[in-house]
Amino acid sequence: MIAALETPRLVLRPFTPEDAPFALRLLNEPSFLEHIGDKGVRDLEGARAYLEGGPLASYARHGHGLMAVVLKATGAPIGMCGLLKRDTLPEPDLGYAFLPEAWGQGFALEAAQAVLAASPFSRLLAIVSPVNASSIRLLEKAGFAFLRREAVHPGEPELAVYGWVAGPAGA
């Protein structure tokens, strides 16, 4: 079982199939489509399939994955954050996405720091579109450093790859 994480304002908990309405909305936000990509999720059935084949499968296979980020005060989901293991990267990477109404309030950094603090890994990566300045700032505030540009997914544009090392410089 994947343990939930808590911060002063947030709870990061494993996704469930019941999170499909939230996933449907988040995955179709224009900012998600622009910076992360189109997952082809167009209805609740597709959102449930995304959750089952993505985060839930990752929990079973790797012991970690993207988690729902909810406001402690209301229980409302505002984003997702967690560790992914991609075949195209040598180490797990930090992933996150938030609804636009949650931007600019420090929630993404708070969630990322919680994930990093709980990570069993001493080294992590993060990939980001080189034009996504706000995400790059978040990674740098969380202790990530630019490593290289690379086409992480064959046939797709190059992404900026950032690295994090646990310890005084990382956590």
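Presented here is an overview of the structure given in this document. Computed from a prediction, not measured in an experiment: that's the story for all the values here.

On to the overall build of the chain. Counting its secondary structure elements, the chain contains six helices and eight strands. When the helices and strands of the chain are listed from N to C terminus, the series reads β-β-α-α-α-α-β-β-β-α-β-α-β-β. In terms of overall size, the chain behaves like a compact globule, its C-alpha atoms giving a radius of gyration of 15 Å where 171 residues would be expected to give roughly 16 Å. Dimensions of the chain, computed from the C-alpha atoms along their principal axes, are close to 40 × 35 × 35 Å. Relative to its 171 residues, the chain shows a buried fraction of 47%. Here the contacts in the chain between residues at least 6 apart in sequence split such that 56% fall between residues at least 24 apart. Per element, the accessible surface of the chain, about 8,600 Å² overall, is 57% carbon and sulfur. Placing the 15 positive and 18 negative side-chain charges of the chain at their respective mean positions leaves the two points 4 Å apart.

A few words now on the side chain of Ser135. Considering the arrangement of structural elements, one finds Ser135 in helix H6 (residues 133–141). Overall, Ser135 belongs to the buried group, its relative accessible area being 11%. Among the polar contacts listed, one links the side chain of Ser135 to the side chain of Tyr96, at a separation of 2.4 Å.

So, about the pattern of salt bridges. Applying the stated criterion across every chain, the model contains 10 salt bridges. Arg25 serves as the salt-bridge partner of Glu29, at 3.3 Å between the closest nitrogen and oxygen. Judged by relative accessible area, Glu29 falls into the buried class, the value being 12%. On the accessibility criterion, Arg25 (39% relative accessible area) is partly exposed. One salt bridge connects Glu158 with Arg149, and the closest N-O pair in it is separated by 3.7 Å. Overall, the relative accessible area of 43% leaves Glu158 in the partly exposed class. Among the residues examined, Arg149 registers a relative accessible area of 47% and is labelled partly exposed. Three or more residues joined by partner-sharing salt bridges are found here, namely Arg25, Glu29 and Glu101.

For any pair of aromatic rings, the description consists of the separation of the ring centres together with the inter-plane angle of the planes. Inspection of every chain in the model, using the stated rule, returns two aromatic pairs. With centroids separated by 5.5 Å and ring planes inclined at 75°, the aromatic side chains of Phe146 and Tyr162 adopt a geometry described as edge-to-face. A residue pair is termed long-range when its members are at least 10 positions apart, and Phe146 in strand S7 (residues 145–150) and Tyr162 in strand S8 (residues 159–165) qualify at 16 residues. Residue Phe146 is classed as partly exposed on the basis of its relative accessible area of 46%.

This part is about the packing of helix H1 (residues 20–27) against helix H3 (residues 44–53). Between H1 and H3, the shortest axis-to-axis distance is 8 Å and the interhelical angle comes to 95°. Between H1 and H3, the crossing angle belongs to the class labelled roughly perpendicular. Of H3, the residues touching H1 (which contributes Ala20, Pro21, Ala23, Leu24 and Leu27) are Leu44, Ala47, Arg48, Tyr50 and Leu51. Across the contact of H1 with H3, the residue classes break down as nine nonpolar, no polar and one charged.

Taken residue by residue, a regular strand's side chains alternate between the two faces of the sheet. Counting buried positions along S8 yields six of seven residues, so the element is predominantly enclosed. By the bridge criterion, six bridges tie strand S6 (residues 123–128) to S8 in an arrangement that is antiparallel. Bridge pairing links Ile127 to Val161 in S8. In terms of strand pairing, S7 meets S8 through five bridges, oriented antiparallel. Looking at S8, one finds that Arg148 is bridged to Val161.

Parameters and conventions
- Residues numbered from 1 in each chain as written.
- Predicted model: local features only at pLDDT ≥ 70, side-chain atom pairs only at ≥ 80, totals over all residues.
- Heavy atoms only, no water.
- Helix = DSSP H or I, 4+ residues; strand = E, 2+ residues; numbered from the N terminus.
- Rg over C-alpha atoms; globule rule 2.2 N^0.38 Å.
- Buried < 20%, exposed > 50% of the residue type's maximum accessible area, 1.4 Å probe, protein only.
- Contact = heavy atoms within 4.5 Å.
- Areas by Shrake-Rupley, 256 points an atom, 1.4 Å probe, with all protein chains shown as cover.
- Lys, Arg positive; Asp, Glu negative; His and termini not counted.
- Charge placed at Lys NZ, Arg CZ, Asp CG, Glu CD.
- Polar contact = N/O pair within 3.5 Å; in protein donor to acceptor, adjacent residues only side chain to side chain.
- Salt bridge = Lys/Arg side-chain N within 4 Å of Asp/Glu carboxyl O.
- Phe/Tyr/Trp six-rings, centres within 6.5 Å; stacked < 30°, edge-to-face > 60°.
- Axes fitted to C-alpha atoms, helices over the stretch in contact; angles between N-to-C directions.
- Parallel < 35°, antiparallel > 145°, perpendicular 65-115°, else oblique.
- Nonpolar A, V, L, I, M, F, W, Y, C, P; charged D, E, K, R; others polar.
- Pairing = 2+ DSSP bridges.

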